[in-house]
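Architecture and fold: a report
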Amino acid sequence: MKRTLGTCYYPEHWPEEIWADDARRMADLGLTWVRIGEFAWSRLEPTPDDLNFDWFDRAITTLTDAGLKVVLGTPTATPPRWMLTKHPDMLAVDANGHTRKFGSRRHYCFSHDSYRSEAVRITRLLAERFGARVAAWQTDNEYGCHDTTISYSNAARDAFRDWLSHRYQSPDAMNRAWGNVFWSMEYQSFDDIDLPNLTVTEPNPAHVLDFRRFTSDQVARFNRAQVDTIRAHSDSPISHNYMGRVTEFDHFDLGRQMEIATWDSYPLGFLEDRVGASPEDQRHYARQGDPDFQAFHHDLYRAVGKAGRWWVMEQQPGPVNWAPSNPAPLPGMVRFWTWEAFAHGAECVAYFRWRQAPFAQEQYHAGLLRPDGIEAEGFAEAAQVASEIKDMAAVEQSQAPVALIFDYTAQWAWETQPQGSGCDYFQLVFETYKGLRQLGFSIDIIPPDTADLHGYKLVLVPGVITLTEAFKSALTSTQAQVILGPRTNAKTANLTIAVPLPPNIPGLDLTISRVETLRPDAPEPFSDGGYYKLWREQVQTTAEILETDAQNRPLMASTGALSYLAAWPDAAALKRILMRAAKDAGLSPIPLPKDIRIRDAGQTLFIFNHGPDPVEYNGQTLPPAGVLWT
Ligand code: GAL
């Protein structure tokens, strides 16, 4: 697969007279792909059943005549206003019981059966008419964006009761599994169960976690309905565009339904409120984005895509409009981000959007073109990449030496029962990823049900709150060095504490006898340097002690290749822990300068300078936004 570029285009926003010129300019720029359609429902079906597909047909013809390949996005993230007249109860309801209204987008509840039928209907009509002419599909747009998967509607409540009755078969079994004898929460009938919002104090965590599982299943079911419909009429690959740090549904589940995973990469948009960076780093990386956040998602979505197939479907091409502040990227960063995606195996990077819209919500969001059609700053950088990739070999994918497990259920479990403020699973995993990258490692992120860890030298399993038996045996039989914890295998699938006490890993004599959380501003020292923060477990063990606290109490212990880390380390302690594990694994860590990251893609080694200033590395000077490959 060659590396390709693309863009997101909204023909319904522009006079038809300029479509052909737009298409020609896209092709001249060296773009291969153009995504259209994902918000166009009100123009495709202005009133119920009054279809108006002819303009869309002409748009597709114009684009394909110019040599472009079309990705058709189903328009189901933006049902038109008439849909609400037809289905007044289709809107999602928030945790306070308020209906989330029409007037922006993603205004639907995944559990509303009639809306799902409408989504299937428009998908079928589009697939019937255009199935043979589009080169790829996108279902909906960014499930979960704007916190839109969890809904406390009546439709969700009824579907949840049904889901529970399938899972548990009898209210008694559910009462036992959840521990409902506590506080007299026992149910006689599934019809008595409500959604876990608006309770007096916290609801039963098992109730909440099942609601989160159910919610994720509803997203998968909604998507599956579109995928099946498209498949009946088209052989082209199907994708969905995921987002940064959206964890409300299990992306691995959806990934198994489709050929390609894509995601929407907004490095500057994410920096202030999704990365967890310090104020100093937010200033330092204000025009470049965090050095690990994009890479993390590239690696995550490579795992979500079938056989590692993934794209960036929306790449920030200039300032966006929706973050707390919206700076312009440093010159060169649009090219840099594109190359970073290619280094992690992206088949395509598509820029959002072709031309900046002078109306509605995203007026200050840059495109490759300004609203007047003149080239914006990002255009020349996209052109540079287009010329650079012209004669390059195909995308490479090779197995990394290090595997990091990411588990969506663990995220919901930590959110359900954080035990202390700041205790967030994503953050723990992301900091581990960062620590590995700062030592120069390339990483595969893999799901928690991977049965085969063959080929990895080091495997990290922080915070995966419940290990399946299959994965547990993969972990105990691999040749790799494995670091478990903190909070790994801490709970049963119903968020209860198992006896024997956790982590209960065969071959490792180690018991967590107590858990405590620390104030976010009160970390405590490891005896060998660095601090632990937020989460700390009390350990009883006969295993070899690797780390202790200032009172010489164990914080990490190992037997053979298996070790358990009983606290959340800061960057300095993590570095020591990872260096030791890497050495034991026979790997050679390369501690990197703050702003440098490297990615070994197999035959090509990429070096990136994420900083605002030139950096000397390995006898070479990398300018700001500098990328080298050898
Ligand atoms: C994405 C979304 C696009 C557009 C973009 C703006 O989240 O998919 O439709 O809104 O953000 O940055």
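Residues numbered from 1 in each chain as written. Predicted model: local features only at pLDDT ≥ 70, side-chain atom pairs only at ≥ 80, totals over all residues. Heavy atoms only, no water.

Observations regarding the pattern of salt bridges
Operational definition: Criterion for a salt bridge: a side-chain nitrogen of Lys or Arg within 4 Å of a carboxyl oxygen of Asp or Glu. Secondary structure follows DSSP: runs of H or I at least 4 residues long count as helices, runs of E at least 2 residues long count as strands, and numbering of each begins at the N terminus. Per-residue accessibility, obtained with a 1.4 Å probe over protein chains only, is compared with the maximum for each type, and a residue is labelled buried under 20%, exposed over 50%, and partly exposed between these values.
Evaluation of the coordinates by the stated rule reveals 45 salt bridges. Arg129 is paired through a salt bridge with Asp54; the nearest N and O atoms lie 2.9 Å apart. With Arg129 in helix α5 (residues 113-130) and Asp54 in helix α3 (residues 54-65), the pair connects residues that are 75 residues apart, well separated along the chain. Across the pair Asp57 and Arg129 runs a salt bridge whose closest N-O atoms are separated by 2.8 Å. Placement of the pair is Asp57 in helix α3 and Arg129 in helix α5, with a sequence separation of 72 residues. According to the relative accessible area criterion, Asp57 is buried, its value standing at 18%. Since its relative accessible area comes to 37%, Arg129 is described here as partly exposed. One network of salt bridges, in which partners are shared, links Glu45, Asp49, Lys86, Glu118 and Arg121.

A few points about the domain arrangement of the protein
Definition in use: Note that the domain bounds were set by an automatic or database domain assignment. Two residues form a contact once any of their heavy atoms are found within 4.5 Å. In short, buried area is how much 1.4 Å probe accessible area vanishes from two parts on joining, totalled over both.
When its domains are assigned, the protein resolves into domain 1 (4-148 + 220-391), domain 2 (157-206), domain 3 (402-584) and domain 4 (599-629). The straight-line distance from the C-alpha centre of domain 1 to that of domain 4 is 29 Å. Listed by partner, the interface residues are 18 residues for domain 1 and 13 residues for domain 4. A buried area of about 1,300 Å², summed over both sides, lies between domain 1 and domain 4, and 70% of it is on carbon and sulfur atoms.

Let's talk about the sheet that holds strand β12 (residues 481-484)
Under the convention used in this document: Should DSSP find at least two bridges between two strands, the strands are regarded as paired. To obtain each axis, a line is fitted to C-alpha atoms, and for helices this fit is confined to the stretch in contact; angles are then taken between N-to-C directions over 0 to 180 degrees.
The sheet built from 7 strands is open, its strands ordered β10-β9-β11-β12-β18-β17-β16 with mixed pairing. Each end of this open sheet is capped by a strand with a single partner; those strands are β10 (443-446) and β16 (544-548). When the angles between neighbouring strand axes are averaged without regard to direction, this sheet yields 20°. Pairing analysis gives 3 bridges linking strand β9 (residues 402-405) to strand β11 (residues 458-461), with the strands arranged parallel. Counterpart to Leu404 in the pairing with β11 is Leu460. Its contacts with the sheet put helix α16 (residues 425-438) on β9, β10 and β11, and the angle it makes with β9 is roughly 170°.

Here we look at the sheet that holds strand β5 (residues 238-242)
Pairing is parallel around the closed barrel formed by 8 strands, whose spatial order is β1-β2-β3-β4-β5-β6-β7-β8. Taken over all neighbouring pairs, the strand axes of this sheet differ in orientation by 25° on average, direction set aside. Across 5 bridges, strand β6 (residues 260-265) lies against strand β7 (residues 310-315) in parallel orientation. By the bridge assignment for β7, Thr262 is matched with Trp311. Lying over the sheet, α3 contacts β2 (33-36) and β3 (69-73), oriented at roughly 150° with respect to β3.

Regarding the packing of aromatic side chains
The condition is simple: Each Phe, Tyr or Trp ring, with Trp reduced to its six-membered ring, pairs with another whose centre is within 6.5 Å; inter-plane angles below 30 degrees give stacked pairs, above 60 give edge-to-face pairs, and intermediate values give tilted ones.
In total, this model carries 56 aromatic pairs according to the counting rule given. Aromatic pair Tyr143 and Phe222: ring centres 6.2 Å apart, planes at 85°, arrangement edge-to-face. Remark: Phe222 occurs in helix α8 (residues 205-231) and Tyr143 occurs in the loop between β4 (136-138) and α6 (154-168); sequence separation between them is 79 residues. Exposure class is identical for Tyr143 and Phe222. Each is buried. An angle of 40° between the planes, with centres 5.9 Å apart, marks the rings of Trp263 and Tyr301 as tilted. Highlighted residues: Trp263 in strand β6 and Tyr301 in helix α12 (residues 293-304), separated in sequence by 38 residues. When its relative accessible area of 0% is taken as the criterion, Tyr301 is described as buried.

Some points on the nonpolar core
Keep this limit in mind: What we call a nonpolar core is a set of buried Ala, Val, Leu, Ile, Met, Phe, Trp, Tyr and Cys residues that are connected through their side-chain atoms within 4.5 Å.
By size, the foremost hydrophobic cluster in this structure holds 169 residues, and its most contacted members are Val459 and Val461. Sort the elements by how many residues they give to this core and helix α13 (residues 333-343) lands first, with 8 residues. Beyond its immediate sequence surroundings of up to four residues, Val461 is in contact with Ile405, Leu467, Phe471, Leu475, Val482, Ile483, Leu484, Gly485 and Thr488. The next biggest cluster of nonpolar side chains, apart from the first, holds 20 residues, and it includes Ala92, Met174, Ile193 and Ala206.

Here's the deal with the pairing of β12
Regular strands show a simple pattern: their side chains alternate between the two faces of the sheet. Counted only if it meets this: Here, the term right-handed applies to a crossover whose path from the first strand over the helix to the second runs clockwise when the strands point away from the viewer.
By the alternation rule, side chains of β12 split into Gln481 and Ile483 and Val482 and Leu484, which are all buried. Relative to β12, β11 is paired through 4 bridges, and the arrangement is parallel. Paired with Val461 across the bridge in β12 is Leu484. Taken together, β11, helix α17 (residues 469-477) and β12 constitute a β-α-β crossover, and its handedness is right-handed. As paired elements, β12 and strand β18 (residues 562-565) share 3 bridges and run parallel to each other. Looking at the pairing, Leu484 lines up with Tyr564 of β18.

Points about the site of the ligand
Keep this limit in mind: Distances are taken per atom, and a residue is near a molecule or strand as soon as one of its heavy atoms is within 4 Å of it. Polar contact is the term for a pair of N or O atoms within 3.5 Å; when the atoms are in protein, one must be able to donate a hydrogen and the other to accept it, and sequence-neighboring residues count only if both atoms are side-chain atoms. For accessible areas, the Shrake-Rupley method is used with a probe of radius 1.4 Å. Any residue's cover is judged against the shown protein chains and nothing else.
By nearness alone, every residue bordering the ligand is listed as Phe39, Arg105, Asn141, Glu142, Met243, Asp264, Tyr266, Glu314, Trp322, Phe352, Glu362 and His365. Note that an oxygen atom of the ligand is positioned 2.8 Å from one of the side-chain N or O atoms of Arg105. Side-chain polar atom of Asn141 to an oxygen atom of the ligand: 3.0 Å apart, as the coordinates give it. Within the complex, the protein chains bury 98% of what would otherwise be the 310 Å² of accessible surface of the ligand.

Remarks on α6
Here is the rule: In this analysis, the expected span of each helix is defined as 1.5 Å times one less than the number of residues it contains. For this quantity, the arc is that covered by the directions from the helix axis to the C-beta atoms.
Look at α6: 21 Å from first C-alpha to last across 15 residues, which is about the 21 Å you get at 1.5 Å a residue. For α6, every residue scored as buried is listed here: Ala156, Phe160, Arg161, Trp163, Leu164 and Tyr168. Seen along its axis, α6 keeps its buried residues to an arc of 165°; they face one direction. Facing away from the buried side of α6 by more than 90 degrees, the exposed set consists of Asn154 and His166. In this structure, the buried side of α6 is in contact with α7 (171-178) and α8. Just past α6, the residue Gln169 takes up positive phi, approximately 70°.

Regarding the environment of Leu453
Its location among the elements puts Leu453 in the loop between β10 and β11. Excluding anything up to four places from it in sequence, Leu453 contacts Ile446, Val459, Phe471, Ala474, Leu475 and Thr478.

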